[in-house]
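# Coordinates in review
Read off the chains here:
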Amino acid sequence: MVQPALSSPSHQPHPPSSAAARRLFSLFRLLFPRLGRSGVAIGLGGLLLLSIALALPPATSRSAAKAGPEAENRRAFYQAAYVLTRLVPNEGWERLAIPPEISRDDEVSVLLHHQDKLFVFLHLARELDSLDRRGMPLAAHFAAHAYRLAGRNREAAEAMRRHIGQAPFKAADRLFLMQRLYEGKRYAAMREEARAWEALDGACREERTDYVWGSYVAQGLYQEARNSALFSTCPGWPPLLLAARARFLLGEEKEALAEVAAVSCRFPADAGRIDDFWRSLEASPYP
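This section reports on the structure supplied with the text.

What counts and what doesn't
Residues numbered from 1 in each chain as written. Predicted model: local features only at pLDDT ≥ 70, side-chain atom pairs only at ≥ 80, totals over all residues. Heavy atoms only, no water. Phe/Tyr/Trp six-rings, centres within 6.5 Å; stacked < 30°, edge-to-face > 60°. Helix = DSSP H or I, 4+ residues; strand = E, 2+ residues; numbered from the N terminus. Buried < 20%, exposed > 50% of the residue type's maximum accessible area, 1.4 Å probe, protein only. Lys NZ or Arg CZ within 6 Å of the ring centre and 35° of its normal. 1 Å grid on protein atoms, 1.4 Å probe; cavity = no way out; pocket = protein on both sides within 12 Å on 5 of 7 lines; lining within 4 Å. Points joined across faces, edges and corners; volume = space filled by probe spheres on them. Nonpolar A, V, L, I, M, F, W, Y, C, P; charged D, E, K, R; others polar. Expected span 1.5 Å × (residues − 1). Core = buried A, V, L, I, M, F, W, Y, C linked by side-chain atoms within 4.5 Å. Contact = heavy atoms within 4.5 Å. Salt bridge = Lys/Arg side-chain N within 4 Å of Asp/Glu carboxyl O. Lys, Arg positive; Asp, Glu negative; His and termini not counted.

## Focus: the packing of aromatic side chains
Under the definition given, this model contains nine aromatic pairs. Geometrically, the ring pair formed by Tyr182 and Tyr211 is edge-to-face, given 5.1 Å between the ring centres and 80 degrees between the ring planes. Of this pair, Tyr182 sits in helix 9 (residues 171–183) while Tyr211 sits in helix 11 (residues 206–218), placing them 29 residues apart in sequence. Tyr211 sits in the buried class, given a relative accessible area of 13%. Among the aromatic residues, those joined into a ring-pair cluster are Phe77, Tyr78, Trp93 and Phe142. Seen from the ring of Tyr216, Arg191 lies directly overhead, with NZ or CZ sitting 4.1 Å from the centre. Sitting over the face of the ring of Trp197, Arg208 holds its NZ or CZ atom 5.0 Å from the ring centroid.

Shown next, in the form of structure tokens:
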């Protein structure tokens, strides 16, 4: 479990840091995203920011004023990670030990209760992207998933690629990257990532086989799709059905159906699943 340490708070009053001021301004923008740019709005905004700063509870005021940018970056990272893991708990986040005081932070509360979740995801993705570029560990991982939740596949792929370049190997990260490239129709780049993944881990990965096959089919490269399935590192019948489907798409329908029948005879215990899978391949794009 990863836990970048937070420095212990001082009990002496501190002047507000530039990072704390930025967070207060961010909080103001989140609370009032539609305020205009007139002088009146700016004046009211300044007064509101000042009132928020004066009203912050001591724990939040002290934490925002911790000396040094590293502590401020860690706090901003924990804030973003806490919100994301609460809004989408089953996303597959890296595990963190988040300090309990983060849950009482004002900006965290605003983000958790904000009605526009897509806005929140994009706001946090950009914050985490910035933190990654400032050297914060795991920020790119969280940024990638936040971008995905905001529907930004290109940015999600770029962030995950940066994370992969600095983190221990994980198949889930490689699959996430392939999926984002596939969803963004960047098929050649996706196959490059599949080859890099297979070079590191040559064991059977059905999802890798599926997405490589699907990328060729999406481009109308049916012979290449068939070859990719036939030379898959995965045993069993699923790659054989993918190869048969590619042959069907090539116009060799009788031969393809004969292959499906042969697969069913070869794996009689799975005949029902084979039939269901074939029907799904006929019905809609895969994966």
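## Here's the deal with empty space enclosed by the protein
Applying the stated criterion across every chain, the model contains one cavity of 30 Å³ or more. Roughly 30 Å³ of volume is contained in the largest cavity. Around the largest cavity sit Ile164, Ala167, Pro168, Phe169, Lys170, Asp173 and Arg174, which together line it. Its residues assigned to classes, the lining of the largest cavity comprises four nonpolar, no polar and three charged.

## Focus: helix 4 (residues 69–87)
Across its 19 residues, helix 4 extends 27 Å between first and last C-alpha, which sits within 8% of the 27 Å expected from 1.5 Å per residue. In terms of burial, helix 4 is a largely internal element, 15 of the 19 residues being buried.

## Structural notes on the nonpolar core
Ranked by internal contacts, the top residues of the largest apolar core, which has 68 residues, are Phe77, Leu84, Leu128, Phe142, Trp213 and Leu241. Here this core takes eight residues from helix 4, the largest share from any one element. Filtering out sequence-adjacent residues up to four positions away, Trp213 remains in contact with Ala225, Ser228, Ala229, Leu242, Ala243, Arg245, Ala246, Leu281 and Tyr286.

## Structural notes on the pattern of salt bridges
A side chain with one charge can pair with a side chain of the opposite charge if their charged atoms come near. A full pass over the atoms with the stated rule returns 14 salt bridges. Between Glu155 and Arg152 there is a salt bridge; the shortest N-O distance is 3.4 Å. With a shortest N-O distance of 3.5 Å, Asp270 and Arg273 are connected by a salt bridge. Given the relative accessible area of 53%, Arg273 is considered exposed. One salt-bridge network, held together by shared partners, links Asp129, Asp132, Arg133 and Arg162.

## So, the side chain of Arg245
Structurally, Arg245 can be placed in helix 13 (residues 238–249). Buried and unpaired, Arg245 has Glu282 as its nearest opposite-charge partner, separated by 4.9 Å. Excluding anything up to four places from it in sequence, Arg245 contacts Trp213, Trp278, Leu281 and Glu282.

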